[in-house]
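Here is what each chain is made of, one letter per residue.
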Amino acid sequence: MDLFLKATAGVFIAVLLCLVLSKQGKDYSILLSLTVCATVLISGITYLQPVLSFLRRLIQLGELSTGLLDTLLKITGIGLITQIACLVCADAGNKVLEKTLQIFSVITILWIAVPILEEMLHMMESLLETV
């Protein structure tokens, strides 16, 4: 919780600095935003350890492929990175790039999710064979 409060305070300070910098030029403001985003996200990675442990347990209990965990993490990472990149595009005033990135991320997530969908299909076939 302490890390979250520090990160939130840092973001608020960065917002104020971005407001000051945007009067001189939007380039420095965007660069500061990207730097703060990267710093906060890297700091937040420590919170993911219990989540990863829980997901590993679920995969073991369900006797699922460990590749599914990798796939889920990739999908989550793409979603988070896309959100930040789209916000930066919106902040820079480029709606076309923002929407293009959103569409491309959905296509990428669907492509990456194929192994999960195949595993679901395999599980459904197994269930139907027992009936």
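Everything here concerns the structure above.
First, a word on scope: everything that follows refers to the structure included in this document. Here the structure is a predicted model, which means the values were calculated and not measured.

1. A word on the nonpolar core
Counting six residues, the largest nonpolar core consists of Leu 68, Ile 75, Ile 78, Ile 112, Ala 113 and Ile 116. The element contributing the most residues to this core is helix α4 (residues 66-91), with three residues.

2. Remarks on the packing of helix α2 (residues 26-44) against α4
Where α2 contacts α4, the axes come no closer than 11 Å and their chain directions differ by 165°. Here α2 is positioned roughly antiparallel relative to α4, judged by the angle of their axes. Where α2 crosses over α4, the two elements pack in a sense that is right-handed. From α2, Lys 26, Ile 30, Ser 33, Leu 34, Cys 37 and Leu 41 reach across to α4, where they touch Ile 84, Val 88 and Asp 91. Of the residues contributing to the contact of α2 with α4, the split by class is six nonpolar, one polar and two charged.

3. A short note on the layout of surface pockets
Empty space among the atoms becomes apparent when a probe as large as a water molecule is rolled across them. Volume-wise, the largest pocket comes out at about 550 Å³. Taken together, 22 residues form the lining of the largest pocket, with Leu 41, Gly 44, Ile 45, Leu 48 and Leu 80 sitting closest to its centre. Mapped onto the lining of the largest pocket, the elements with two or more residues apiece are α1 (2-24), α2, α3 (48-61) and α4. With seven residues, α4 is the largest single contributor of residues to the lining of the largest pocket. Residues that form the lining of the largest pocket fall into these classes: 17 nonpolar, five polar and no charged. Looking at the second largest pocket, its volume works out to about 440 Å³. For the second largest pocket, the lining is made up of 19 residues, of which Val 11, Val 15, Ser 33, Val 36 and Cys 37 are closest to its centre.

4. Points about a nonpolar patch on the surface
Taken together, the side chains of Met 1, Leu 3, Phe 4, Leu 5 and Tyr 47 present a nonpolar region at the surface, about 540 Å² in accessible area. Along the chain, the position of Tyr 47 falls in the loop between α2 and α3.

5. Some details on the pattern of salt bridges
Any two side chains of opposite charge can pair, given that their charged atoms come close. According to the stated counting rule, one finds two salt bridges in the structure shown. Here Lys 6 makes a salt bridge to Asp 2, at a shortest N to O gap of 3.4 Å. One end of the pair, Lys 6, and the other, Asp 2, are both in helix α1, four residues apart, so they sit about a helical turn from each other. Between Lys 95 and Glu 98 there is a salt bridge; the shortest N-O distance is 3.8 Å. Here the residue Lys 95 and the residue Glu 98 both occupy positions in helix α5 (residues 95-112), the gap between them amounting to three residues, near one helical turn. Note on Glu 98: relative accessible area 10%, which makes it buried.

6. Observations concerning the environment of Val 114
Looking at where Val 114 falls in the secondary structure, it is placed in helix α6 (residues 114-130). Along the primary structure Val 114 and Gln 60 are separated by 54 residues, whereas in three dimensions their C-alpha atoms are 21 Å apart.

Conventions adopted
- Residues numbered from 1 in each chain as written.
- Predicted model: local features only at pLDDT ≥ 70, side-chain atom pairs only at ≥ 80, totals over all residues.
- Heavy atoms only, no water.
- Core = buried A, V, L, I, M, F, W, Y, C linked by side-chain atoms within 4.5 Å.
- Buried < 20%, exposed > 50% of the residue type's maximum accessible area, 1.4 Å probe, protein only.
- Helix = DSSP H or I, 4+ residues; strand = E, 2+ residues; numbered from the N terminus.
- Axes fitted to C-alpha atoms, helices over the stretch in contact; angles between N-to-C directions.
- Parallel < 35°, antiparallel > 145°, perpendicular 65-115°, else oblique.
- Left-handed = near helix turned anticlockwise from the far one by under 90°.
- Contact = heavy atoms within 4.5 Å.
- Nonpolar A, V, L, I, M, F, W, Y, C, P; charged D, E, K, R; others polar.
- 1 Å grid on protein atoms, 1.4 Å probe; cavity = no way out; pocket = protein on both sides within 12 Å on 5 of 7 lines; lining within 4 Å.
- Points joined across faces, edges and corners; volume = space filled by probe spheres on them.
- Patch = residues over 30% accessible without salt bridge, like charges linked within 9 Å, V, L, I, M, F, W, Y side chains within 5 Å.
- Areas by Shrake-Rupley, 256 points an atom, 1.4 Å probe, with all protein chains shown as cover.
- Salt bridge = Lys/Arg side-chain N within 4 Å of Asp/Glu carboxyl O.

Everything listed is a geometric property; what it means functionally is a separate question.
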